[in-house]
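Take a look at the letters that make up each chain.
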Amino acid sequence: MTTNDNPFAGHNGPIDTQDGIYSEDELRLANRNSGILLETLALDVTPTGLHYLLNHFDVPLLDAGNHKLSFSGAFDTAAELSLDEIKAMPQVTLPVTMECAGNGRAGVSPRLHAMPWIYEAVGTSEWTGTPLRPLIEQMGLRSDAVEIAFTGADYGFDKGVGHPFGRSLTLAQIAELDVMLVYAMNGQPLLPQHGAPLRLIVPGWYGMASVKWLKRIEALTEPYDGFQQLRTYRYRETAEDPGRPVSAIRVKSLMVPPGVPDWGSRKRYLEPGPVTLIGRAWSGAGVPISRVEVELDGAWQEARLDTAVGDYAWTKWTCDWTASPGEHVLRCRATDAEGQVQPLQAPWDAGGFGNNAAQKVVVFVGQ
């Protein structure tokens, strides 16, 4: 089923929303999707049940025993592979930090009426599967192929347009990126909400590229024109701007909020004295982190960096602070090996994508 008509005309939420005002529809989205608990940033690998989730439509409940992945289009021959056949291929396990492209949208004003992420749409898992590129080569690409499209089993409407969730990569991107067909997460079979029984993982890119519930791979002779490729996940100055495609993750860092929380505001309280701040930093496309700074009492202090969890995974950082009585605002910012520095103010984007502005944590220190 596809349609260009909008059956929900007059029932959709506003195009954009002012800061601090959340609609009932956005609350529904927030109840369906979930972010990491910031305290688990202390862990190298995010527990599976705490990895962030962003599902556009309903979760398809697929039977792994009968699931088939089809190959069609500009391949030498059409084919279908079962999950067992894919599992029999060379296996790799790769730690990957994945972040939603809309992470930080709540910090942009006015913002798109969509999932109002603050900081928590990120997580790091150990993904197990088989590399995509050898499989594509095995299927025999025709000389006129230019892109590979990936289609999931989930279907729904966005802006009134019905479509399955789908994305594409160019042949050059597939040659460059360590793309995987994945069937396990942290040593266990994929859970339904994480794409079971089979999904794509595109390391170093925002999460929209890692199509879940994967059912079809198609070799195209023309650029892919799917909704999730052209109508969204693009950096735009205005809604009418064709924009630039969202791809690699922007450099970013987060800290574990120190002390204990206030239930409602999540602001922090701790006793005066020495404390070690802990956090994670990451960047896209396999670019390592070279520096993390923490703002303490108005001055930026260098943090200590551990070894990265993997080429596509985050780096742990620590910083010592002597907490003095009073109210403090802590911030952290990362720099990657290509010299990209995390900004202090949110970069503007009409869709609220790619906001990598420095995190702020309000802390009250007792007497």
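Up top is the structure these notes are about.
Keep in mind that this is a model prediction, so the values were computed, not measured.

Colleague: A description of the sheet that holds strand β24 (residues 359–365) should follow, citing residues and the corresponding values.
Modeller: A sheet is described by the order of its strands in space; here 6 strands give the open sequence β16-β17-β24-β23-β19-β20, paired in mixed fashion. Single-partner strands in this sheet number two, and they are β16 (260–261) and β20 (299–302). Strand direction decides the pairing type here: strand β19 (residues 289–296) and β20, joined by 4 bridges, are antiparallel. Each bridged residue has a counterpart across the sheet, and for E295 the counterpart in β20 is W300.

Colleague: An account of the nonpolar core is requested, with residue identities and associated values reported.
Modeller: With 64 residues, the main nonpolar core has F71, L132, F150, L181, M208 and I217 as its most contacted residues. Residue contributions to this core peak at 6 residues, all from strand β9 (residues 180–185). The contact partners of I217, leaving out residues within four places of it in the chain, are L69, S70, F71, S72, F75, L132, I136, I148, A149, F150 and L181. Core analysis: the second largest hydrophobic core is formed by 21 residues, V251, V275, V361 and V365 among them.

Colleague: I'd like to hear about the pattern of salt bridges, residue by residue, with values.
Modeller: Under the definition given, this model contains 13 salt bridges. When the shortest N-O distance is used, the salt bridge between R28 and E24 registers 2.7 Å. On the criterion of helical spacing, the pair formed by R28 and E24 is a turn pair, its members being 4 residues apart in helix α1 (residues 24–32). Of the charged contacts, one joins R291 and E293 as a salt bridge, the two residues approaching to 3.3 Å between their closest N and O atoms.

Colleague: Tell me what's going on with the layout of surface pockets, and back it up with residues and numbers.
Modeller: Here the second largest pocket is characterised by a volume of approximately 1,400 Å³. In terms of lining, the second largest pocket is formed by 41 residues, of which the most central are L38, I118, Y119, E120 and R266. When residues of the lining of the second largest pocket are traced back to their parent elements, those giving at least two are α1 and β24. With 4 residues, the single largest contributor to the lining of the second largest pocket is β24. Class assignment of the residues belonging to the lining of the second largest pocket gives a composition of 21 nonpolar, 13 polar and 7 charged.

About the thresholds
- Residues numbered from 1 in each chain as written.
- Predicted model: local features only at pLDDT ≥ 70, side-chain atom pairs only at ≥ 80, totals over all residues.
- Heavy atoms only, no water.
- Pairing = 2+ DSSP bridges.
- Helix = DSSP H or I, 4+ residues; strand = E, 2+ residues; numbered from the N terminus.
- Core = buried A, V, L, I, M, F, W, Y, C linked by side-chain atoms within 4.5 Å.
- Buried < 20%, exposed > 50% of the residue type's maximum accessible area, 1.4 Å probe, protein only.
- Contact = heavy atoms within 4.5 Å.
- Salt bridge = Lys/Arg side-chain N within 4 Å of Asp/Glu carboxyl O.
- 1 Å grid on protein atoms, 1.4 Å probe; cavity = no way out; pocket = protein on both sides within 12 Å on 5 of 7 lines; lining within 4 Å.
- Points joined across faces, edges and corners; volume = space filled by probe spheres on them.
- Nonpolar A, V, L, I, M, F, W, Y, C, P; charged D, E, K, R; others polar.

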